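So you can see what is in the structure, the chains are spelled out below.
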Amino acid sequence: MKKNEQPEFSAKWWKASQPKGLKTAGKLEDALKDYEVAKRKLEQSKESDAAEKAEDALDAIPPAVKAVIAEAAKIKASPEMEATVDTLKKFDRAYGAEEDWIEAHTKPSKDGVFADPDEYQSYLMAGLKRLHRGGPMNFAIVLGKQPEDHRMALHRSTSAKTLGAMLVKETGLHTMTFGVATGDEKRADTLCLTLDGRQLPGMQKKSERMLKSFKPLPFAKVALLVGGKEAADLDEEA
């Protein structure tokens with residue numbers, strides 16, 4: 001592999017560029033090939049199940065990349081291995097563009113993604129997996145009467161306020177707040193919600209019940225952060 005080479009989500013690129021002798025190289029090639037196949041199927045159908053399969057295929061790439069990096073890094077005094085490590089580390093900055101591509105090629109449901117529980121579960125799963133893999137995302141949440149009525153929107157670039165306005169318009173619910181969502185580094189099952197909007201009464205409990213209603217998801221618990229510190233749940237209004 002050449003110095004300063006840029007990574008590509010292409011099995012052909014990896015097969016041509018990879019250095020010889022890496023036992024983990026084949027798994028990365030297979031992961032890239034599977035993702036290319038999933039992308040083609042999504043491009044043809046644009047349905048949510050094809051998008052979910054593309055997300056799953058994309059999720060298989062980071063661990064394969066990390067395995068190659070770990071193996072290549074052990075081979076000292078090899079410029080080619082050093083170049084391989086440097087190039088593969090650049091994948092971290094490239095996943096967001098692939099996630100945006102998947103989202104752009106997914107046909108929205110007729111009634112909107114937040115209307116149908118199955119559509120919403122797929123949307124929430126994809127968003128939380130993206131967050132789990134790639135860092136902070138803007139979020140907004142609206143709360144209804146029952147756990148299955150609550151809805152959360154997630155996006156890397158759309159502002160949290162804009163997400164909130166969209167949720168209110170599409171769901172008709174008005175108990176809304178927004179902020180930045182991240183995973184907890186020490187608690188793998190915990191979703192951290194840093195609030196820029198107001199803290200809603202019972203928000204932590206209701207958010208966790210929503211996660212439970214739409215499981216399996218990458219997170220099961222919710223932590224609220226207000227002013228940079230974890231905050232206790234507010235009592236629900238009588």
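Up top is the structure these notes are about.
Counting of residues starts from 1 at the beginning of each chain's written sequence and follows it residue by residue. For a predicted model such as this one, the threshold for reporting local features is a pLDDT of at least 70, and the threshold for listing and counting side-chain atom pairs is 80 or more; totals across whole chains, interfaces and linings nevertheless cover every residue. Water and hydrogen atoms were dropped before computing side-chain values, which therefore reflect all heavy atoms in the structure.

(A) Looking closely at the pairing of strand β5 (residues 221-226). Strands are treated as partners if at least two bridges between them are detected by DSSP. Think of it this way: any DSSP run of H or I at least four residues long counts as a helix, any run of E at least two long counts as a strand, and we number them from the N terminus. Across five bridges, strand β4 (residues 190-195) lies against β5 in parallel orientation. From the neighbouring strand, L191 faces β5, where its bridge partner is V222. Taken together, the three bridges between β5 and strand β6 (residues 229-231) define a ladder with antiparallel strand orientation. Across the sheet, L225 pairs through a bridge with E230, a residue of β6. Between the end of β5 and the start of β6, which pair antiparallel, lie two residues, with G227 showing a positive phi angle near 65°.

(B) Representation of the pattern of salt bridges in the model. Here a salt bridge means any side-chain nitrogen of Lys or Arg lying within 4 Å of a carboxyl oxygen belonging to Asp or Glu. Within the structure shown, the criterion is met by 10 salt bridges. One salt bridge in this structure joins D184 and R187, with 2.7 Å as the shortest N-O distance. Three labels apply to residues, based on accessible area from a 1.4 Å probe with only protein chains included: buried if under 20% of the type maximum, exposed if over 50%, partly exposed otherwise in between. The class of D184 is buried, set by a relative accessible area of 16%. Judged by relative accessible area, R187 falls into the partly exposed class, the value being 33%. Its salt-bridge partner being E236, residue K206 comes within 3.5 Å of it at the nearest N-O pair. Here E236 lies in the segment after β6 and K206 lies in helix α9 (residues 203-213), a separation of 30 residues in the sequence. For E236, a relative accessible area of 38% gives the class partly exposed. A network of salt bridges, in which partner residues are shared, links E99, D100, R130 and R156.

(C) Focus on the layout of surface pockets. We place a 1 Å grid over just the protein atoms. Points where a 1.4 Å probe fits but has no way out form a cavity, open points with protein on both sides within 12 Å along at least 5 of 7 lines form a pocket, and any residue with an atom within 4 Å of a point lines it. Grid points are joined across faces, edges and corners, and a volume is the space filled by probe spheres set on the points. The volume enclosed by the second largest pocket comes to roughly 190 Å³. If you trace the second largest pocket, you find it lined by P62, K66, D92, R93, Y95, G96, E99, R133, G134 and R156. Elements supplying a minimum of two residues to the lining of the second largest pocket: α4 (61-73), α6 (95-104) and α7 (117-134). Considering each element in turn, the lining of the second largest pocket owes the most residues, three residues, to α6. Broken down by class, the residue content of the lining of the second largest pocket amounts to two nonpolar, two polar and six charged. Any residue that is not Ala, Val, Leu, Ile, Met, Phe, Trp, Tyr, Cys, Pro, Asp, Glu, Lys or Arg is counted as polar, Gly included; the first ten are nonpolar and the last four charged.

(D) Quick peek at the nonpolar core. Remark: nonpolar core denotes a set of buried residues (Ala, Val, Leu, Ile, Met, Phe, Trp, Tyr, Cys) joined through side-chain atoms within 4.5 Å. In terms of nonpolar packing, the biggest core is built from 33 residues, with L124, F139, M152, L154 and L193 touching the most fellow members. Contacts were defined at the residue level, with two residues in contact if any of their heavy atoms lie within 4.5 Å. Aside from chain neighbours lying at most four places away, what touches L124 is M152, L154, M210, L211, F214 and L217. Core analysis: the second largest hydrophobic core is formed by 31 residues, A57, V68, I69 and F91 among them.

(E) Expanded view of the pairing of strand β1 (residues 137-142). For β1, a buried count of six out of six residues is recorded, marking the element as mostly surrounded by other parts of the structure. Residues of β1 alternate between two faces, with M137, F139 and I141 on one and N138, A140 and V142 on the opposite face, all of them buried. Here β1 runs beside strand β3 (residues 176-183); their pairing, made up of six bridges, is antiparallel. Paired with V142 across the bridge in β3 is M176. By the bridge criterion, five bridges tie β1 to strand β2 (residues 151-155) in an arrangement that is antiparallel. From the neighbouring strand, A140 faces β2, where its bridge partner is A153.

(F) Structural detail: unusual backbone geometry. A cis amide bond, omega 10°, links K215 with the succeeding residue P216. With respect to the secondary-structure elements, P216 resides in the loop between α9 and β5. Despite not being glycine, N4 shows a phi value in the positive range, around 70°. Inspection of the secondary structure assignment puts N4 in the segment before α1 (11-17). According to the relative accessible area criterion, N4 is exposed, its value standing at 60%.

This is a description of form; function is not addressed.
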